[in-house]
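Reading the structure
Single-letter residue listing:
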Amino acid sequence: MNNDIQMKSHGVPIGIRRLIAYIVLIFFTFLCLIWFYILLINSTRSHSEMTLGFTLLPSTHLLDNWNSLITGTIPIAKGFANSLTVSVCTAVLCSYFSAMTAYAINTYRFKGREAIAAFILAVMMIPGQVTALGFLQLINKMGLDDSIVPLIIPAIASPVTYFYLKQYMESNLPMSLVEAARIDGSGEFRTFNTIILPLIKPAISVQMIFSFVGSWNNYFTPALILHTDSKKTLPVMIAQLRGADWLRFDMGQIYIMIAASIFPVIVVYLFLSKYIVGGVSSGAVKG
């Protein structure tokens, strides 16, 4: 009787339920990966081949597309360097200072604490496009137009990252550990850098991935600020390739550039994913 209960749930055998779960997971995995496969296939085909329709088999024009891309008028190598600089700086600085803000509001008890927290959350409701005009006027007055600096500094203040880290600290950061560090004579910055940051490493890793990908794929702000080709980021250069006149328009170049642009994102995810998995496992054990 007990074995029948264990083998069945709601009248459906466990083996059937697992089979259905695997089929659903495989289906959604296929939906996620098919677009990468199409991207890779198209990056090996020439512009004339792509006008004939899609094929499941790769072609032989991968190196031709790449050579055509790097020998063109657009400085692709400089675009990679600019995007990498902006994305890495944004990911590191945004995660660090958001964690510091979350730690301060979560740990300290001071007057106006709840009002500050509410104000930061209210900022999340304001779309970036609404403040774009004022932002452009500000950087023009500061002489920062056509520079990557305005792409890094404002991104440090991220209400979404702060909110996520604050919620993580409320669930996983024991206040007794902070109090013990204070009793031992540890300063606040030392406590934060040597004790708090290692404890919230999984959350930091998640937010670094989100910040890196968001900055890497950002097109709106760089398109407004950057005007010189040598200072543009990859999304702006890809749009510039797509907007070329019909004599220079080459889908092979566009696809190989998009394929190359997603490679750093995959590397960042693979590097930080082990911390995410570790964080989920530790959270499950604590629960």
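Residues numbered from 1 in each chain as written. Predicted model: local features only at pLDDT ≥ 70, side-chain atom pairs only at ≥ 80, totals over all residues. Heavy atoms only, no water.

**Section: the overall build of the protein chain**
Of the regular secondary structure elements, the protein chain holds 15 helices and two strands. Within the protein chain, the fraction of its 287 residues that count as buried is 33%. Of all intrachain contacts in the protein chain linking residues separated by at least 6 positions in sequence, the fraction that spans at least 24 positions is 71%. Counting only carbon and sulfur atoms, one obtains 69% of the accessible surface of the protein chain, whose full area is about 17,600 Å². (Helix = DSSP H or I, 4+ residues; strand = E, 2+ residues; numbered from the N terminus. Buried < 20%, exposed > 50% of the residue type's maximum accessible area, 1.4 Å probe, protein only. Contact = heavy atoms within 4.5 Å. Areas by Shrake-Rupley, 256 points an atom, 1.4 Å probe, with all protein chains shown as cover.)

**Here we look at the pattern of salt bridges**
The full count for this structure, using the stated rule, is four salt bridges. Its salt-bridge partner being K232, residue D229 comes within 3.2 Å of it at the nearest N-O pair. (Salt bridge = Lys/Arg side-chain N within 4 Å of Asp/Glu carboxyl O.)

**Structural notes on the confidence of the model for the protein chain**
For the protein chain, the average pLDDT comes to 82, and 89% of its residues sit at 70 or higher. Predicted confidence for residues 279-287 stays below pLDDT 50, and this span has two contacts to residues more than four positions away or in other chains. (pLDDT = per-residue confidence, 0-100.)

**Re the packing of helix 5 (residues 76-107) against helix 6 (residues 113-123)**
Where helix 5 meets helix 6, the closest approach of the two axes is 10 Å, and the angle between their N-to-C directions is 145 degrees. Along this stretch, helix 5 crosses helix 6, giving a crossing that reads as left-handed. Here T101, I105 and N106 of helix 5 come into contact with helix 6, specifically with R113, I116, A117 and I120. Looking at the contact of helix 5 with helix 6 residue by residue, the classes come out as four nonpolar, two polar and one charged. (Axes fitted to C-alpha atoms, helices over the stretch in contact; angles between N-to-C directions. Left-handed = near helix turned anticlockwise from the far one by under 90°. Nonpolar A, V, L, I, M, F, W, Y, C, P; charged D, E, K, R; others polar.)

**Digging into a nonpolar patch on the surface**
The grouping of I16, I20, V24, F27, F28, F30 and L31 at the surface amounts to a nonpolar patch, some 650 Å² of accessible area in total. Here F27 shows up in helix 2 (residues 14-43). A residue is classified by how much of its surface remains accessible, and F27, at 46% relative accessible area, is partly exposed. (Patch = residues over 30% accessible without salt bridge, like charges linked within 9 Å, V, L, I, M, F, W, Y side chains within 5 Å.)

**Re the environment of M175**
When you line up the elements, M175 lands in helix 10 (residues 175-183). Those residues in contact with M175 that lie beyond four places of it in its chain are N106 and T107.

**Considering unusual backbone geometry**
Of note, the phi angle at D146 is positive, near 60 degrees, even though the residue is not glycine. By the element assignment, D146 lies in the loop between helix 7 (132-141) and helix 8 (149-152).

**A few points about the environment of I256**
Mapped onto the fold, I256 is located in helix 15 (residues 251-286). For I256 and L39, which are 217 residues apart along the polypeptide, the C-alpha to C-alpha distance reads 8.2 Å. If we ignore the near neighbours within four places in the chain, the residues touching I256 are S43, L62, N65, W66 and L69.

**What to know about the side chain of S261**
Residue position: S261 is located in helix 15. Residue S261 is classed as buried on the basis of its relative accessible area, which comes to 8%.

**Some thoughts on the nonpolar core**
The biggest cluster of nonpolar side chains holds 18 residues, and the ones touching the most others in it are A99, Y103, M169, I196 and I200. Sequence-distant contacts of Y103, defined by excluding residues within four places in its chain, comprise Y108, M169, L173, V178, R182, E188, T191, F192 and I196. (Core = buried A, V, L, I, M, F, W, Y, C linked by side-chain atoms within 4.5 Å.)

**Focus: the packing of helix 5 against helix 11 (residues 188-199)**
At a minimum axis separation of 12 Å, helix 5 and helix 11 run at an interaxial angle of 110 degrees. When the interaxial angle is binned, helix 5 and helix 11 end up roughly perpendicular. For the pair helix 5 and helix 11, the contacting residues are Y96, A99, M100 and Y103 in the first and E188, F189, T191, F192, N193, I196 and L197 in the second. For the contact of helix 5 with helix 11, the per-class residue count stands at eight nonpolar, two polar and one charged. (Parallel < 35°, antiparallel > 145°, perpendicular 65-115°, else oblique.)

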